[in-house]
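# Remarks on the overall topology
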Amino acid sequence: MSTIKENISCKNAVIGIIGLGYVGIPLSLRFCQTGFKVIGFDIDKDLVTELNHGKSSISHISDSSIRTMIGSGFEATYEFSKIKNCDALIICVPTPLDKDKNPDLSFVTSTMDQIQPFLKKDQILSLESTTWPGTTQEIILPYIEKKGFVVGKDFYLVYSPEREDPGNPNFSTQTIPKIVGGTTEECLDLGKNLYENVVDKVVPVSSTSVAEMIKLYENIHRSVNIGLVNEMKIISDKMGLDIYEIIDGAKTKPFGFTAYYPGPGVGGHCIPIDPFYLTWKIKEFGIDSRYIELSGEINNSMPNYIAGKIKEALNKSDKSISSAKILILGLTYKPDIDDCRESPSVHLMEILKKEGAFLDYSDPYFPEFPKMREHSFDLKSVELSKSNLNKYDLVVLLTDHSSFDYDCIKSNSKILVDTRGKYREDNDKNIIKA
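As a starting point, this report considers the structure included with it. The model shown is predicted, which means the values in this text are computed figures rather than measured ones. (Residues numbered from 1 in each chain as written. Predicted model: local features only at pLDDT ≥ 70, side-chain atom pairs only at ≥ 80, totals over all residues. Heavy atoms only, no water.)

### A look at helix α3 (residues 45-52)
Basically, it comes down to this: The cut-offs for exposure are 20% and 50% of the maximum accessible area for each residue type, with area from a 1.4 Å probe on protein chains only; residues under the lower value are buried, those over the upper are exposed, and the others partly exposed. Helix numbers and strand numbers start at the N terminus; a helix is a DSSP run of H or I with at least 4 residues, a strand a run of E with at least 2. The directions considered for the arc run from the helix axis to the C-beta atoms. Any two residues whose heavy atoms approach within 4.5 Å are treated as being in contact. Any pair of nitrogen or oxygen atoms within 3.5 Å is treated as a polar contact; in protein, a donor-acceptor pairing is required on top of that, and neighbouring residues in sequence qualify only through side-chain atoms on both sides.
Within the span of α3, buried status applies to L47, V48 and L51. Viewed end-on, α3 has its buried residues packed into an arc of 100 degrees, placing them on one side of the element. Tucked inside the fold, the buried residues of α3 contact α2 (24-33), α4 (63-71) and β3 (75-77). Near the N-terminus of α3, the side chain that reaches the backbone nitrogen of D46, with its oxygen 3.1 Å away, is that of D44.

Quick look at the structure:
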């Protein structure tokens, strides 16, 4: 271990980052900023080409930041043979669910299939992709052992969950504490050494499984509380109460309460997916996670709830949803980012499409509807002007981007369905609080 540890400490180690998306690119940037040579790997040849030409694929990371990385020696590649040139390997590939909501580790296993021939002694491999407790030991470790390596002696394996929050200006890769669990004490020691070069605080834990569970627990905590507040929204609406006034009142308590806010559902790669990694795994132990599954069901049902509010609003105006022209405001799962993964906006669009509605959308981050694995709409973003807004029977605010002109939207929408509480103080009869 002395050689690789010395190379990391002296920043002579070459860092290989596999998966150049919302996690891999910020991590590459941070390693480059601290003086490391980085090779980025991805199977998307177009993405590799764009990055090597200094073009960012992520809105909150500028082209100039990519060019600065290149200037420090960064290169992107789809040639996995270059794995043998790396001292440290960090895997940041997606871990989605399949159609039955079971974990899909195909991106992880295909990555291991591609890199295994090029693994060498005295490397460290860190898995950052979110997954169920036991994955590192049960899935990754056998690949290494099949090479004849002894983990903890001539190869090192850790799990360190990503904690990126795209678009959050208050936290960065550097400032978010980094959980690290090692397969052995030697692995943990080297993993700490690796990450201490790029983050302000490393938090070591006793095993890779504990680190994997920490990541799931963080997001299950959010999922459960978001599910609770979404259910409270529905209950409050039925009782004629303002959920935002209720939240504002509750959060004046200086202890024992954390404010969560309702919305049209949950999105991104974490909250809609991660809880199901645990509910799937614990079935091996004969446990049913009713609480976790219920919160997931509530959150996943919110687009249907919003669709019901849209139908109700149209019916009161003697309109049928089957012929209504509806404008969707915001495709992304949260404001001011360019990420549509698992977005409730897109799920709602699918529901409205099946009901026969004529749909358009407006989102400053997507001039054209993005390529998605499960969704396809041949649409372009509509400019938010007075004349355009007047064309629609109903406008629904799903993502509260800061660039939207909310006065213009309010003044020129025949019916406005607000799912984000943006117009909570407004009593206009044409604004539907959903």
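Let us keep going from here.
### Some words on the packing of aromatic side chains
Quick reminder of the rule: Any Phe, Tyr or Trp ring, taking Trp's six-membered ring, that has another such ring centre within 6.5 Å forms a pair; planes under 30 degrees apart are called stacked, those over 60 apart edge-to-face, and the others tilted. Throughout this description, the term charge over a ring refers to an Arg CZ or Lys NZ atom that lies within 6 Å of the ring centre and within 35 degrees of the ring normal.
A full pass over the atoms with the stated rule returns eight aromatic pairs. When the ring of F31 is compared with that of F36, the centres are 5.5 Å apart and the planes differ by 80 degrees; the resulting orientation is edge-to-face. On the basis of relative accessible area, F36 is assigned to the buried category, the value being 1%. Members of the aromatic cluster, joined through ring pairs, are Y361, F369 and F377. The ring centre of Y195 lies 4.6 Å from the NZ or CZ of K178, which sits over that ring. Here K325 stacks its cationic end above the ring of Y392, 5.6 Å away from the centre of that ring.

### Side note on the sheet that holds strand β7 (residues 178-182)
Here is the rule: Strands are labelled as partners when DSSP assigns at least two bridges between them. All axes here are fitted lines through C-alpha atoms, helices being fitted over the stretch that makes contact, and every angle between N-to-C directions spans 0 to 180 degrees.
What the eight strands build is an open sheet, ordered β3-β2-β1-β4-β5-β6-β7-β8; its pairing is mixed. What marks the edges here is a single partner per strand, and that holds for β3 and β8 (202-205). Within the sheet, the average angular offset between the axes of one strand and its neighbour, ignoring direction, is 25 degrees. In this structure, strand β1 (residues 14-18) lies alongside strand β2 (residues 37-41), joined through five bridges in parallel fashion. Paired with I15 across the strands is V38, a residue of β2.

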